[in-house]
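Take a look at the letters that make up each chain.
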Amino acid sequence: MSGDMDLLQTRGTAETVHVPVLFTEVMEALEPAAGKLLVDGTLGGGGHTRGLLERGAQVVGLDWDSRALVRCAPLVEEFGDRVHLVRAAYDTIAEVLAGPVLENEVSCGKRKVGELPPLVDGILLDLGFSSDQLDDPQRGLSYHFDGPLDMRLDSSVKKTAADVLNTVREEELADIFYVYGEEPKSRVLARAIVKQRKERPLETTKDLLAIVEQVYPPKLGLKRAHPAARIFQALRVAVNDEMDTLERALPDAAWCLKKGGVLAVISFQPLEERAVKAAFRRLCVDELDEIGRVKTPAKFKMGKKVMASDAELEANPRSRSAILRTLVRVG
Ligand SMILES: C[S@@+](CC[C@H](N)C(=O)[O-])C[C@H]1O[C@@H](n2cnc3c(N)ncnc32)[C@H](O)[C@@H]1O
């Protein structure tokens, strides 16, 4: 709790540099308005949450990263009891809505335990990391900056990226790069890392970049994304257990919707996108009992996928890989 108190004292001191992606499309999907209760499961810099609040909705905003809550604290001053900020992972939305999370609550107007209704009008998950996080060299998320190989969303995650690189078996490392980064040279990279760590453990983003560049010499003139992007992404996904969290969270979030409610998910990489599509498809299929009667008490319908407009792509290059998918509870 003392960490949270520190946060309260420093509230509002950090400004966000994150530009929310697919902003108009998210507003169209969630249709925020007075009387609606919405959840932003990934507060980040608070851009989407601000949009929802400005249109009159009540918002419960979650982020696992305490620094995101610090950034968003001014929203509480501005919108008062209509905004509730909670430090929590988005796979705990149902628990957060249901009740006592006050130990984790940084600031939340005057919510009392049990005051919020358990079903909501809409939920947003804008996956991945914010620009504030990606551009912070101390987090070690980007090969563009030199910094410690940390990559943890929060200090409660036990292993840093350096711990993973320096301790897991070669085969496991190769699997991380292959599965989470779709890296074609996963085995070669894993071998090079294991060879390097026998001499000296990897500590910084530059250490990892140097190995990637041994395997993919920059002189080969790769015009597309730097291969380090895939490697850094794969490692980040593994460190924070992002895929398991997402797969757990999607059905749980869907079950928190009222009839007519919308779950909107923005993904940024093919692995996430496939997981979202598959989970939504599963939710749209009725579950039958042993004699063929429909036993699913809710019905869902999937919307069309939406991508950034040319204007947004030009204004914010980080929107280029963003895909918005929606699931509506129709019955
Ligand atoms: C792309 S940013 C969201 C940006 C936000 N929509 C905005 O408009 O500023 C993603 C956020 O999700 C948070 N996040 C990632 N994984 C999470 C998880 N499992 N639970 C809660 N928050 C998470 C990150 O800390 C980050 O702040």
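Looking only at helices and strands, one finds 14 helices and 9 strands in the protein. Contacts spanning at least 24 positions in sequence make up 66% of the contacts within the protein whose residues lie at least 6 apart. Approximately 16200 Å² of the protein is accessible, and the part contributed by carbon and sulfur atoms is 53%.

A few words now on the environment of Leu-209. Position of Leu-209 among the secondary structure elements: in helix H10 (residues 205-215). Taking C-alpha positions, Leu-209 is 9.7 Å from Ala-229, a pair spaced 20 residues apart along the chain. Ignoring any residue separated from it by four or fewer positions in sequence, one finds Leu-209 in contact with Tyr-143, His-226 and Ala-228.

Attention shifts here to the nonpolar core. Residues Leu-149, Leu-165, Leu-173, Phe-177, Ile-193, Leu-208 and Leu-235 are the most contacted members of the largest nonpolar core, which totals 35 residues. Secondary structure elements with two or more residues in this core: helix H7 (161-167), helix H8 (170-181), helix H9 (186-199), H10 and helix H11 (227-239). With 6 residues, the single largest contributor to this core is H11. Not counting chain neighbours up to four residues away, the residues in contact with Phe-177 comprise Leu-165, Glu-182, Glu-183, Ser-186, Leu-189, Ala-190, Ile-193, Ile-231, Ala-234 and Leu-235. Core analysis: the next-biggest nonpolar cluster, separate from the first, contains 34 residues, Leu-97, Val-237, Ala-275 and Phe-280 among them.

What the rule picks out here adds up to 2 aromatic pairs. Measuring from centroid to centroid gives 6.0 Å for Tyr-143 and Phe-232, while their planes differ by 65 degrees, and the two rings are edge-to-face. In this pair, Tyr-143 sits in the loop between helix H6 (131-134) and H7 while Phe-232 sits in helix H11, placing the two residues 89 residues apart along the sequence. Overall, Tyr-143 belongs to the buried group, its relative accessible area being 19%.

Applying the stated criterion to the full structure yields 1 cavity of 30 Å³ or more. The space that makes up the largest cavity amounts to roughly 30 Å³. Lining the largest cavity are Tyr-90, Asp-91, Thr-92, Ile-93, Ala-94, Glu-95, Ala-249, Asp-252 and Ala-253. Every element with two or more residues in the lining of the largest cavity is listed here: helix H5 (93-98) and helix H12 (242-254). Considered class by class, the residues forming the lining of the largest cavity number 5 nonpolar, 1 polar and 3 charged.

The subject of this paragraph is unusual backbone geometry. At Leu-22, a position not held by glycine, the phi torsion is positive, near 50 degrees. On the secondary structure map, Leu-22 appears in the loop between helix H1 (2-9) and helix H2 (23-30). Phi at Glu-182 takes a positive value of approximately 50 degrees, unusual for a residue other than glycine. Mapped onto the elements, Glu-182 comes out in the loop between H8 and H9.

What follows concerns the packing of H9 against H10. Where H9 contacts H10, the axes come no closer than 10 Å and their chain directions differ by 130 degrees. If you check the angle between H9 and H10, you find them oblique. Crossing of H9 over H10 shows right-handed handedness. Residues Val-188, Leu-189, Ala-192, Ile-193 and Gln-196 of H9 touch H10, and the partners they reach there are Leu-208, Ile-211, Val-212, Gln-214 and Val-215.

Right, let's talk about the pattern of salt bridges for a bit. One pass over the structure, following the stated rule, counts 17 salt bridges. Its salt-bridge partner being Asp-65, residue Arg-139 comes within 2.5 Å of it at the nearest N-O pair. With a gap of 74 residues between them, Arg-139 in the loop between H6 and H7 and Asp-65 in the loop between strand S2 (58-63) and helix H4 (66-79) connect regions that are remote in the sequence. Note that Glu-170 is salt-bridged to Arg-191, the shortest N-O span being 3.9 Å. Of the two residues, Glu-170 is situated in helix H8 and Arg-191 in helix H9; the sequence distance between them amounts to 21 residues. By relative accessible area, which is 28% here, Glu-170 ends up partly exposed. Overall, Arg-191 belongs to the partly exposed group, its relative accessible area being 48%. Each of the salt bridges in this network shares a partner with another, and the network as a whole consists of Arg-50, Glu-54 and Glu-78.

Moving on, we come to the site of the ligand. Taken together, 24 residues lie around the ligand, and His-48, Asp-63, Tyr-90, Asp-126 and Gln-133 are the ones closest in. One of the backbone N or O atoms of Leu-43 is found 3.5 Å from an oxygen atom in the ligand. In this structure, Gly-47 approaches the ligand through a main-chain N or O atom, which is 3.2 Å from an oxygen atom. Against a free-state accessible area of 600 Å², the protein chains account for coverage of 98% of the ligand. Looking at the shell around the ligand, its residues break down into 9 nonpolar, 12 polar and 3 charged.

Reading guide: rules and limits
- Residues numbered from 1 in each chain as written.
- Predicted model: local features only at pLDDT ≥ 70, side-chain atom pairs only at ≥ 80, totals over all residues.
- Heavy atoms only, no water.
- Helix = DSSP H or I, 4+ residues; strand = E, 2+ residues; numbered from the N terminus.
- Contact = heavy atoms within 4.5 Å.
- Areas by Shrake-Rupley, 256 points an atom, 1.4 Å probe, with all protein chains shown as cover.
- Core = buried A, V, L, I, M, F, W, Y, C linked by side-chain atoms within 4.5 Å.
- Buried < 20%, exposed > 50% of the residue type's maximum accessible area, 1.4 Å probe, protein only.
- Phe/Tyr/Trp six-rings, centres within 6.5 Å; stacked < 30°, edge-to-face > 60°.
- 1 Å grid on protein atoms, 1.4 Å probe; cavity = no way out; pocket = protein on both sides within 12 Å on 5 of 7 lines; lining within 4 Å.
- Points joined across faces, edges and corners; volume = space filled by probe spheres on them.
- Nonpolar A, V, L, I, M, F, W, Y, C, P; charged D, E, K, R; others polar.
- Axes fitted to C-alpha atoms, helices over the stretch in contact; angles between N-to-C directions.
- Parallel < 35°, antiparallel > 145°, perpendicular 65-115°, else oblique.
- Left-handed = near helix turned anticlockwise from the far one by under 90°.
- Salt bridge = Lys/Arg side-chain N within 4 Å of Asp/Glu carboxyl O.
- Near = heavy atom within 4 Å.
- Polar contact = N/O pair within 3.5 Å; in protein donor to acceptor, adjacent residues only side chain to side chain.

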